[in-house]
Structure formats: C-alpha cells, structure tokens
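# Examination of the molecular architecture
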Amino acid sequence: MSNQKTKLRLHTFLRTLTPLHISSGQTGTFDVTNNRVYMGERIISEGSATTCALVQTIAYLAPGEESGVANVPVIMANNIMGRLRRHAAALVLGIVQSKGQTISPGTYSALACGASSGNPDSSVPTFDQLRTSMAHPYLGLFGGGPKLMRRYARMLNNPVPYTSVTAQSFKGIEHPNFDPLIHAVPISTEKFLTRGVLRNRMDDLTSLSDIALASATITDFENAIRERASAIAGNKAAKAETGTSERQTTRSFTALQYVIPNVIFPLSWSLEVTPAQLGLFLLAL
C-alpha cells in the first residue's frame, strides 16, 4: 500500500441522542422551583435548591447579553481526539489479542493515550525517525510515542452548537451541506440547551431496603439499626437547634446539569494521511 500522504478536510455533524454531561469540575446551584441551573452558589429559599455538577462550557463575547458574554456547551477537541484514539487502540489491541501476542505496558499506554511513560524522550528526533513515524499507520495518524511525535489528524474547532453567538466560529470550516434550518439552534432555544436533573441517593438502611439480606449480613443488626436511627434523629434535632450537625444518613439530593438531546455539534478535521491512516481514522470514527 502506498505511503503517499494526501491532505483532506473532513466535516461531520455530531448529534446528541441522549443527555450529555461532560463535567467542568465546577459546582453550581439547581433551583427546583424553576428547574434552572446557576453558576456558583446562590441564596435560594431552603428546600428549593441543591448543589449541581456543571457541564463544560466555553464563553463567547456577546454584547447583547446582560453580562456581555454567553456560556455555550462545548466538547473540547482533545476530548474527541482522545476518544477516537482509544477506539483505534481497541481495534489494534483486538488484532494483537486474536494473534495470541502481547505488548509492553509502555506500548499499551502509547496506543491509548499517546505517552509511553511519564518521562518522554526529550532528544530531538532524527530525520529517519520523523519519516518513519509519519508513515506509520498509527503513530503518523495520532502521534505520541516515546518522543511524542506530532499527529496528522487535527480537529480545527472545539465543537459547539451553531448559534447566533457562535456562528462566526465556523467561518472557513463550515460543513458544505450546512443548512441553518436543520443544523443551527433556533434563537428562541439558545438559552435552553442545558437543563438540570435531581439525583436522589437513597439510604438503604433507613428505608429498610432488602431487609432480609441486611438482617442476615449485618453484625448485631437490630441494635445497629436502632443506633443508626437514633443518630439520624439526633442529627436532625441538633441541626434544627444550632443550624449545623454531623451528617449521619447517606441519603442526599444532588443535581446534574446536562446538554439536552438532539443538539448538533458541527465538527471539522484536517487530515494529512496515507490510505492506511485514513482507513484507521474512519474505522475509529
């Protein structure tokens, strides 16, 4: 097969079929009275709000907005490239397994995440090493290895939905079959791309869930359950009196923010690949 490289531009649409949650690591507030999620802590009447794990967003300058910016859901390019790499790694490792072969931990890491160790080789690669890595079906596509070679499959955007605020981001990388009536978010919907949902974590002992199994496996079950109930009751009394107490029950309400289904994220890639590399990329995609 030829090692001749071809430059390609690949456009795709990614549509969410289910709620999408990519955690930002930040905590916000979910107001159950209006089902709205707010960034950071807010003073809301007790019993009507809970902490909420926020999704990853990116800020766009939006002069018409109250704060001058608009936060839009985003799927970072490195996130997608990392997942594509793992899909490709699974294909390669499946072939290794089918042949009864094995690989080293370093090779496994290089396939899965790019780095073969925590200390990459910092020496400058030789011309022959560069030429070999460029032609390699895997390394020339996703990069990495001991010297962290560059990859030749690159995303051109951090995917966001096509809205009135993000439209300028797609200049030059717009899908040739883009149809604003199909692929753009209606202006009336732009502020409602995310929602919040409550998560209720139960306390199996307090609710006496599967009492037969619990009583048969918990040491001194009857006394233990009485002590637990007493501790929870004392916790509630102390909180009512002082406003603070040490939590005893495992039951809790928390919230999760998510991007609603049926949102479209246009994606664009720049590829400089051999036929083998293109085949592997398409299989992973």
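Each chain has its residues counted from 1, running along the sequence as written. Owing to the predicted nature of the model, reporting of local features is limited to residues with pLDDT of at least 70; listing and counting of side-chain atom pairs is limited to 80 or more, with chain, interface and lining totals taken over all residues. With hydrogens and water stripped out, all remaining heavy atoms of the structure feed into the side-chain values.

## Looking at the overall build of the protein chain
Helix and strand counts for the protein chain stand at eight helices and ten strands. Taken over 285 residues, the protein chain has a buried fraction of 33%. Summarising the internal contacts of the protein chain: among those between residues at least 6 apart in sequence, 69% fall at separations of at least 24. Accessible surface is estimated by sampling points in the Shrake-Rupley manner with a 1.4 Å probe; for residues, cover comes only from the protein chains shown. In the structure as shown, the protein chain presents an accessible area of about 17,600 Å², 55% of it carried by carbon and sulfur atoms. To qualify as a helix, a DSSP run of H or I must reach at least 4 residues; to qualify as a strand, a run of E must reach at least 2; elements of each kind are numbered from the N terminus. Three labels apply to residues, based on accessible area from a 1.4 Å probe with only protein chains included: buried if under 20% of the type maximum, exposed if over 50%, partly exposed otherwise in between. Any two residues having at least one pair of non-hydrogen atoms within 4.5 Å are treated as being in contact.

## Examining helix H2 (residues 105-113)
For H2, every residue scored as buried is listed here: Ala110, Leu111 and Ala112. Summarising the contacts, the buried residues of H2 are in contact with helix H1 (77-98). Positive backbone phi, approximately 105°, marks Gly114, located one or two places after H2.

## Structural notes on the packing of H1 against helix H8 (residues 275-284)
Axis separation between H1 and H8 bottoms out at 8 Å; the angle between their running directions is 105°. When the interaxial angle is binned, H1 and H8 end up roughly perpendicular. Here H1 contributes Leu84, His87, Ala88 and Leu91 to the contact with H8, which in turn contributes Leu280, Phe281, Leu283 and Ala284. When residues are sorted by character, Ala, Val, Leu, Ile, Met, Phe, Trp, Tyr, Cys and Pro go into the nonpolar class, Asp, Glu, Lys and Arg into the charged class, and all the rest, Gly among them, into the polar class. Residues of the contact of H1 with H8, tallied by class, amount to seven nonpolar, one polar and no charged. Axis lines are fitted to C-alpha atoms, over the contacting stretch for helices. Their N-to-C directions set the angle, which ranges from 0 to 180 degrees. Geometric relationships in this document are graded by angle, where less than 35 degrees denotes roughly parallel, more than 145 denotes roughly antiparallel, 65 to 115 denotes roughly perpendicular, and other angles denote oblique.

## Observations concerning the side chain of Thr163
Secondary-structure assignment places Thr163 in the loop between strand E7 (153-155) and helix H5 (180-183). Not counting residues up to four positions away in its chain, the partners in contact with Thr163 are Val185, Glu190 and Leu193.

## Comments concerning the nonpolar core
To define a nonpolar core, start from buried Ala, Val, Leu, Ile, Met, Phe, Trp, Tyr and Cys residues and group those joined through side-chain atoms within 4.5 Å. If you look at the biggest cluster of nonpolar residues, it comprises 28 residues, and the most contacted ones within it are Leu84, Phe142 and Trp269. Elements with a minimum of two residues in this core: H1, helix H4 (139-142), E7, strand E9 (252-259), strand E10 (264-273) and H8. Not counting residues within four places of it along the chain, the set of residues in contact with Leu84 comprises Phe142, Trp269, Phe281, Ala284 and Leu285. Judged by nonpolar contacts, the second largest core, of nine residues, contains Val72, Val74, Tyr162 and Ala167.

## A look at the pairing of E10
With nine of its ten residues buried, E10 lies for the most part within the structure. Of the strand pairs in this sheet, strand E1 (residues 6-15) and E10 are connected by ten bridges, and their pairing is antiparallel. Note on E10: the bridge partner recorded for Arg9 is Ser270. Pairing between two strands requires that DSSP report at least two bridges joining them.

## Quick notes on the sheet that holds E7
With respect to topology, three strands assemble into an open sheet ordered E1-E10-E7, the strand pairing being antiparallel. What marks the edges here is a single partner per strand, and that holds for E1 and E7. Between one strand axis and the next, the sheet turns by 25° as a mean value, whatever way the strands run. As paired elements, E7 and E10 share three bridges and run antiparallel to each other. Paired with Arg154 across the two strands is Ser270, which belongs to E10. Contacts between H8 and the sheet are confined to E1, E7 and E10, with E10 contributing the most and set at about 160° to the helix.

## Some remarks on H1
The span one expects for a helix is its residue count, reduced by one, times 1.5 Å. With 22 residues, H1 ought to run about 32 Å at 1.5 Å a step, and its terminal C-alpha atoms sit 32 Å apart, in line with that. Among all positions of H1, only Ala77, Ile80, Met81, Gly82, Leu84, Arg85, Ala88, Ala89 and Val96 are buried. Two residues or fewer past H1, Gly100 is found with a positive phi of approximately 70°.

## Thoughts on the environment of Cys52
Within the secondary structure, Cys52 sits in strand E4 (residues 49-55). It is 5.6 Å that separates the C-alpha atoms of Cys52 and Phe30, two residues lying 22 residues apart in sequence. Residues within four places of Cys52 in sequence aside, it is in contact with Gln26, Thr27, Gly28, Thr29, Phe30, Val37, Ala255, Leu256 and Gln257.

## Re the packing of H1 against H2
Look at H1 against H2: their axes get within 7 Å of each other, and the N-to-C directions meet at 140°. Accordingly, the angle class assigned to the pair H1 and H2 is oblique. Contacts between H1 and H2 involve Arg85, Arg86, Ala89, Val92 and Leu93 from the first element and Tyr108, Ala110, Leu111, Ala112 and Cys113 from the second. Class assignment of the residues belonging to the contact of H1 with H2 gives a composition of eight nonpolar, no polar and two charged.

## Observations concerning the pattern of salt bridges
Put simply, a salt bridge is a Lys or Arg side-chain nitrogen that is within 4 Å of an Asp or Glu carboxyl oxygen. Counted under the stated rule, the structure contains one salt bridge. Across the pair Asp128 and Arg131 runs a salt bridge, and its minimum N-O distance is 3.0 Å. In this pair, Asp128 and Arg131 both sit in helix H3 (residues 127-135), three residues apart, roughly one turn of the helix.

So, to be careful, I would describe these as geometric facts and stop short of saying anything about function.
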